[in-house]
Amino acid sequence: MAYDYEKSIRPGKLPHIWCPGCGHGIVMKGLIRAMDTCGLDKNNTAIVSGIGCASRLPGYMDCCTLHTAHGRAAAFAAGVKMAKPEMNVLIVGGDGDGVAIGGNHFIHACRRNMDMTYVVLNNNIYGMTGGQFSPTTPTGANASTTPYGNPDPTFDISKLAIGAGATFVARTTAFHATQIDKLIAEGIKHKGMSVIEVLDDCPTCFGRRNKFRSVVDMMKRLKEVAVPVQAAAKMPAEKLEGKILTGVLFKEERPEYCAEYAKIIEKAKGANA
Amino acid sequence: MAKKTALVQGNEACAHGAVYAGCKFFAGYPITPSTEVAEVLAAELPKVGGSFIQMEDEIGAMAAILGGSLTGAKALTATSGPGVSLKQELIGYACIAEIPCVIVNVMRGGPSTGMPTGPGQSDVMQARWGTHGDHAAIAVAPESIQEIFTETVRAFNLAEKYRMPVQILFDEIVGHMRERIEYPEPGELEVIDRAKPDVSPEDYKPYDSSKGDIPPLASFGSEYRFHVTGLNKAADGFPTTKPDLVDAEERRQIRKVEANRKDIEKNEEYMTEDAEVLIFAFGSTSRSARYAVNELRKEGIKAGLFRPITLWPFPEERIAALGKQVKGMVVAEMNLGQMIYEVERVTKGSCKLEGAFRVDGEPITPAQIMEKVKEVN
């Protein structure tokens with residue numbers, strides 16, 4: 001029997017706004033399956049996003065959904081979580097939203113280690129504004145604001161998350177659809193800040209400027225570039241050049257922020273009594 | 001029983017007023033001269049089961065209180081001029097998404113870093129027009145430590161009642177000055193909580209104005225699931241570009257303040273009954289103005305003071321009437337002339353108008369005001 005996605009989607013809100021060939025829908029389906037796996041109560045789940053194509057995702061989901069301002073999702077989410085720690089808080093958004101304009105909130109959300117899950121849909125471009133380069137657009141690639149090729153070096157979002165202190169970091173691609181939900185579910189179950197980076201495709205704004213003739217070509221790129229982290233451990237360095245590691249990249253146990261704050265509340269109440 | 005009294009700073013009084021009002025969440029970022037509000041709430045909020053977070057920046061602090069408020073918590077942030085500049089986009093978000101919250105701005109000089117340890121009143125127009133787009137604004141401007149407490153409570157009430165951001169503007173002088181305060185007993189001051197939906201979760205629309213201009217706001221984490229966005233939206237909270245819906249929503253959000261001016265406006269008038277000249281002053285400057293009125297009266301000049309406690313919406317009706325009563329007005333403010341534009345707009349040339357301005361980090365003296373009063377008398 002086909003999986004029933006409709007039970008998680010707000011009635012009447014489809015079709016979505018994404019272009020044909022965009023991978024965001026694949027990620028949304030993965031998110032739905034992951035939430036299902038984890039048995040999240042819709043009433044008690046907030047999905048927070050910023051601005052951009054990926055940030056439109058929460059509007060389709062039948063939960064408490066918060067479509068905020070550009071880059072601010074992680075900070076809004078921190079407010080939701082602090083004020084109501086019993087809520088499940090998920091964040092979704094794109095590369096530009098998350099690590100350019102929202103970079104400061106992103107790294108500090110990782111550092112604090114609140115029990116939230118951030119799914120970054122990284123399609124290497126600003127899609128909604130028509131294809132300007134983002135912090136993850138490959139150096140030399142073409143975008144509407146790089147008429148002579150992109151001069152900027154790039155961010156590795158997963159490495160950034162690990163460096164900033166996220167306690168669960170995983171990466172996959174929109175091609176690896178069946179891995180998306182497994183990694184997101186693992187992130188949701190992890191007690192602390194989890195970041196799941198999903199390499200995504202934007203045929204409209206990235207592909208057509210960068211010699212990807214079709215969506216299939218873009219998906220092939222995602223398939224070919226990904227190397228599972230376990231396999232990579234056995235591969236020589238020269239074979240890993242230009243490859244991107246996927247799977248669970250980092251996991252550690254560290255005190256969760258709201259649990260620690262609950263101790264402060266007990267302490268303060270004790271001092272007050 | 002005698003009331004609990006204390007000698008406290010304005011910033012401390014603000015923090016205690018917030019707790020009295022039922023504030024359960026504060027997010028902030030350190031900035032002079034408002035930091036004590038954060039420091040006191042870091043200690044006080046966990047005692048009442050609330051929470052405090054110091055965010056990575058001013059924008060993050062504003063974002064966090066909006067997220068917190070959507071869970072049903074009364075939420076506060078405190079900052080000063082540069083911080084308010086950074087928060088402006090999300091103040092607009094709070095306006096369009098209609099999220100109750102309170103923003104304290106302990107004003108210093110500016111623009112930019114300006115004079116962090118000096119007082120100023122140059123953020124008054126920013127409080128009205130700082131964020132982009134058309135929107136209503138409510139701002140209050142207390143003049144004393146006791147009034148900072150009571151106005152903080154009122155600011156929360158207005159935010160909750162009208163489902164919007166409310167700014168508390170005071171300046172470094174009252175922020176850092178210490179005065180005796182009498183703490184009101186619980187129940188002594190009115191405390192208003194936001195209206196909750198009385199329809200079933202299935203029928204709930206977060207912007208349904210069919211029963212009034214201020215739709216009830218459900219909480220995240222309840223059985224009411226809803227969508228919040230900064231885009232123009234229809235009654236169900238989802239984006240729309242339909243001209244009639246966009247127009248109606250924009251106008252409703254301004255009307256909810258305009259139609260309730262009587263409830264929101266609060267002024268103090270001192271010796272205005274027979275006044276022939278009027279001083280318009282707010283916040284700490286009104287303390288010099290009141291002294292000036294007394295001195296001028298001794299000299300036989302019939303001076304009076306009008307002090308808006310609610311700065312926005314501007315007290316149009318009363319100022320227009322006073323403009324017809326007096327020969328002249330003096331607007332005293334620690335900037336180079338901001339509220340004077342409102343007075344000029346409303347009095348429409350019905351009386352002489354002068355400004356007593358100052359931006360050197362020192363308070364406006366009674367003598368400076370008296371000199372100007374004599375020019376318009």
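All of these numbers come straight from a predicted model, not from anything done at the bench. Per chain, residue numbering runs from 1 following the sequence as it is written. As a convention, the first chain written is A and the first ligand written is 1, with the rest following in written order. Per-residue local features of the predicted model are confined to residues with pLDDT of at least 70, and side-chain atom pairs are confined, for both listing and counting, to 80 or more; whole-chain, interface and lining totals are unaffected and use all residues. Note: side-chain values were computed over all heavy atoms of the structure, leaving out hydrogens and water.

J.: Go over the interface of chain B and chain A, please, and point to the residues and values.
T.: Of the residues lining the interface, 40 residues belong to chain B; the matching set on chain A comes to 40 residues. By buried area we mean how much accessible surface two parts lose on assembly, using a 1.4 Å probe and totalling the loss over both. In this assembly, chain B packs against chain A so that about 3,200 Å² is buried in total across both faces, 61% of it on carbon and sulfur atoms. The largest per-residue losses of area from chain B upon contact with chain A belong to Glu 56, Phe 220 and Arg 225 of chain B, which jointly make up 21% of the total buried on that side. A side-chain nitrogen of Lys or Arg and a carboxyl oxygen of Asp or Glu constitute a salt bridge if their distance falls within 4 Å. Applying the counting criterion to the chain B and chain A interface returns three salt bridges. Across the pair Arg 112 of chain A and Glu 56 of chain B runs a salt bridge whose closest N-O atoms are separated by 2.5 Å. In this description a helix means any DSSP run of H or I spanning at least four residues, a strand means any run of E spanning at least two, and both kinds are numbered starting from the N terminus. The dominant element in the side of chain B that touches chain A, judged by the number of residues it contributes, is helix 3 (residues 58–70) of chain B, at eight residues. Classification used: nonpolar for Ala, Val, Leu, Ile, Met, Phe, Trp, Tyr, Cys and Pro, charged for Asp, Glu, Lys and Arg, polar for all others including Gly. Of the residues contributing to the side of chain B that touches chain A, the split by class is 19 nonpolar, 14 polar and seven charged. Direction of pairing for strand 2 (residues 64–67) of chain A relative to strand 9 (residues 227–229) of chain B: parallel, over a ladder of three bridges. Bridge pairing links His 67 of chain A to Thr 229 of chain B in strand 9 of chain B. Contacts are residue-level and defined by heavy atoms, with any inter-residue pair within 4.5 Å sufficient. Strands are labelled as partners when DSSP assigns at least two bridges between them.

J.: Outline helix 5 (residues 157–164) of chain A, supporting the account with residue identities and numerical values.
T.: Residues and elements named next belong to chain A. Using a 1.4 Å probe on the protein chains alone, a residue whose accessible area is under 20% of its type maximum counts as buried, one over 50% counts as exposed, and one in between counts as partly exposed. Residues of helix 5 that are buried include every one of Ile 157, Ser 158, Ala 161 and Ala 164, and no others. In an axial view of helix 5, the angular spread of the buried residues amounts to 135 degrees, which keeps them on one side of the axis. Exposed side chains of helix 5 directed beyond 90 degrees from the buried face belong to Lys 159 and Gly 163. Of the surrounding secondary structure, the elements contacted by the buried residues of helix 5 are helix 3 (95–100), helix 4 (103–112), strand 4 (116–122), strand 5 (168–173), strand 6 (194–199) and strand 8 (244–251). One side-chain oxygen at the N-terminal end of helix 5 lies 3.2 Å from the backbone nitrogen of Ser 158; it belongs to Asp 156. A positive backbone phi angle near 115 degrees is found at Gly 165, which sits one or two residues after helix 5. The arc refers to the directions leading from the helix axis to the C-beta atoms. Here a polar contact means two N or O atoms within 3.5 Å. Within protein one must be a hydrogen donor candidate and the other an acceptor candidate, and residues neighboring in sequence count only if both atoms are side-chain atoms.

J.: Give a detailed account of the pattern of salt bridges, specifying residues and quantitative values.
T.: For the structure shown, the criterion picks out 48 salt bridges over all chains. A salt bridge links Asp 236 of chain B to Lys 13 of chain A; the shortest N-O distance between them is 3.5 Å. Separated into two different chains, Asp 236 of chain B in the loop between strand 9 and helix 8 (243–258) and Lys 13 of chain A in the segment before helix 1 (24–37) make up a pair that spans both. By relative accessible area, Lys 13 of chain A is classed as partly exposed at 23%.

J.: Quick one: what's the story with the domain arrangement of chain B, residue by residue and with numbers?
T.: Residue and element names in this part refer to chain B. For the domain bounds, the source is a domain assignment made automatically or taken from a database. Structurally, chain B comprises domain 1 (5–182) and domain 2 (268–376). Distance between the C-alpha centres of domain 1 and domain 2: 26 Å. Tallying the contact residues gives 27 residues for domain 1 and 26 residues for domain 2. Between domain 1 and domain 2, the buried area comes to about 2,000 Å², and carbon and sulfur atoms account for 54% of it. Three residues stand out in domain 1 for area buried against domain 2, namely Gln 121, Met 125 and Glu 143, and they jointly supply 33% of the buried area on that side. Here domain 1 and domain 2 share four salt bridges between them. A salt bridge links Arg 287 to Glu 179; its shortest N-O distance comes to 2.3 Å. Mapped onto the side of domain 1 that touches domain 2, the elements with two or more residues apiece are helix 5 (124–129), strand 6 (138–140), helix 6 (145–162), strand 7 (165–171) and helix 7 (172–176). It is helix 5 that contributes the most residues to the side of domain 1 that touches domain 2, four residues altogether. Here the residues of the side of domain 1 that touches domain 2 sort into 15 nonpolar, four polar and eight charged.

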